[in-house]
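Overview (structure and organization)
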Amino acid sequence: MEKNTLPTVFVILGATGDLMRQKLIPALFHLYKEKSLPELFQVIGFSKDDLDKDGFRHMVREMTQAKVQATQEEIDSFSKFFVYEQGTFEKEEGYQKLAEFLGYKDKEWKVCSNKLFYLAVPPQHYKTIFENLASSGLTKPCSKEEGWTRVIVEKPFGKDLQTAQELDRMLGALFYEEQIYRMDHYLGKETVQNILAFRFSNSFLQDSWNKKGVEQITIRLLEKEGVGERGAFYDGLGALRDVGQNHLLQLLSLFCMETPLKFDGDSLRRERAKVLKALPTISTDDIKTYAKRGQYEGYGEEKNVVQSSNTETYFSIQTSLKNDTWEGVPILLESGKGMKENLVEVEVVFRHPTPCLCPSEANKHYHNVLHYFIQPKEGIAMSLWVKKPGPIMTIEEKAFTFDYKSAFGKEEFADPYERLLLNCIQGDQTLFVSTEEIMASWKFVDSILRGWGKTKAPLVVYPKGASAIETKLSLAVDN
Ligand code: BG6
């Protein structure tokens, strides 16, 4: 039997929360519809809410209906995968009940099933859950040969280097690295996976993808929305921990990594980690110059946010990599909520040689600029210089574009969660973050948080709906 077709029990801790509603239910439903789930499959929801199996199935049906297009029959049959155990994360009893259920399932199926634990909970619960998983023996596989046990943890993994190390030690006592799947949903996005195809399958890029060919790289993740209903989670966390330490640095590692020896999980994760390890820490004295932060106007009035909060909702960081390939190339990382537009993109500005055949006005260089759009537009635009038709030699910048949707005619890409859950069931860790990557990224982020903590960079208020350029300018003036 193929490993991923073995009977599998999927235990979701925090099964009545927002992640379940927004991401896990639609992802599982699509996998079910595509027949990608193992034939014998069961989801056990675990949470403190007072529900029984029928109540939970009712909730699952409602969640499904709200998120996917499906017939009532499909929804009913999908909901039969779900059962429920009530318990708190703190008390052992709940974990004992889970263990009993797992034992019962194995007897019913007459196998030692695969077990997948998903922590769909805020990170402050991780420690308690790990301790209880350990003491209840829940995560022990039956034997080396039969049935695997895996765990999926969401970002943020820790809130700084020290807490990430503590969590890692606890996880390490329970699981081998091969069993730990640290989720960063950006890695599951179609356009993010295309970065490697784009970089390593287009040979014309190879020779210029380094400090000799590239003048600057900017990675930006801008969002129109504010924190909305997520104030309690976001406040005290801030933009840098929320999307910088993970999504932006993962994009950076994919854009700047060396050619991997092979296209497999180990090689790719190793190369991504090497990039993150080459990020120099920023000294507290340099913080004001290289790591600016802002907060959108009215943030303090958001639901569940402390009115006098110092949490940043915008940051703009300048760094570079300390390695032979990229040394000296400025890398800008920028993200904000409450911005004018939704835009996730990487911009690569190529060098133009000096001395050059430049137009006479102010010795202006012809820069080729690559815009790699991740969302909402999905595609690539490369600015090229062309001769404007006519008797005079005038050169103009024009964009050569590739648009994913029109090229492949797909209405919607598969949700990253769908792909990532499937990869975890299949035992493919390529799109999950390794411990090396986590630690290296926290080391860099920690140095900024330390500097900000010592108020070496003022928190500048920007109007909601400001463009990235306006925000950056107001930060520059206030500094
Ligand atoms: C999440 C952050 O990890 O990523 C959110 O917690 C952010 O604050 C989100 O909005 C962005 O993800 P996406 O897929 O919508 O770009």
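Structure shown above.
Reference entry: report on the structure contained in this document. (Residues numbered from 1 in each chain as written. Predicted model: local features only at pLDDT ≥ 70, side-chain atom pairs only at ≥ 80, totals over all residues. Heavy atoms only, no water.)

What follows covers the layout of surface pockets. What the second largest pocket holds in volume is close to 500 Å³. Taken together, 25 residues line the second largest pocket, and the ones lying closest to its centre are P141, W148, T149, Y176 and Q179. Of all elements in the fold, only α5 (126-135), β5 (149-153) and α6 (161-174) reach the threshold of two or more residues within the lining of the second largest pocket. Its residues placed into classes, the lining of the second largest pocket shows nine nonpolar, nine polar and seven charged. (1 Å grid on protein atoms, 1.4 Å probe; cavity = no way out; pocket = protein on both sides within 12 Å on 5 of 7 lines; lining within 4 Å. Points joined across faces, edges and corners; volume = space filled by probe spheres on them. Helix = DSSP H or I, 4+ residues; strand = E, 2+ residues; numbered from the N terminus. Nonpolar A, V, L, I, M, F, W, Y, C, P; charged D, E, K, R; others polar.)

What follows covers the nonpolar core. The biggest cluster of nonpolar side chains holds 142 residues, and the ones touching the most others in it are I12, L28, F82 and Y118. Per-element accounting of this core gives the leading share, 10 residues, to helix α10 (residues 238-256). Counting the residues that make up this core, at least three belong to each of domain 1 (8-154) and domain 2 (187-478). When neighbours within four sequence positions are excluded, I12 is seen to be in contact with M20, L24, L28, V43, I44, G45, F46, Y118 and A120. (Core = buried A, V, L, I, M, F, W, Y, C linked by side-chain atoms within 4.5 Å. Buried < 20%, exposed > 50% of the residue type's maximum accessible area, 1.4 Å probe, protein only. Domains from an automatic or database assignment. Contact = heavy atoms within 4.5 Å.)

Further remarks concern the pattern of salt bridges. A full pass over the atoms with the stated rule returns 23 salt bridges. For R220, the salt bridge is made with E345, and the minimal N-O distance between the two is 2.5 Å. Residue R220 is located in strand β7 (residues 214-222), and its partner E345 is located in strand β11 (residues 343-350); the two are separated by 125 residues in the primary sequence. Per residue, the accessibility class of R220 equals that of E345, and both read buried. Ionic pairing is found between K405 and E378, a salt bridge with its closest N-O pair at 2.8 Å. Taken together, the residues span a long stretch of sequence, with K405 in helix α13 (residues 404-408) and E378 in the loop between β12 (369-375) and β13 (379-388) at a distance of 27 residues. For E378, a relative accessible area of 14% translates into the label buried. (Salt bridge = Lys/Arg side-chain N within 4 Å of Asp/Glu carboxyl O.)

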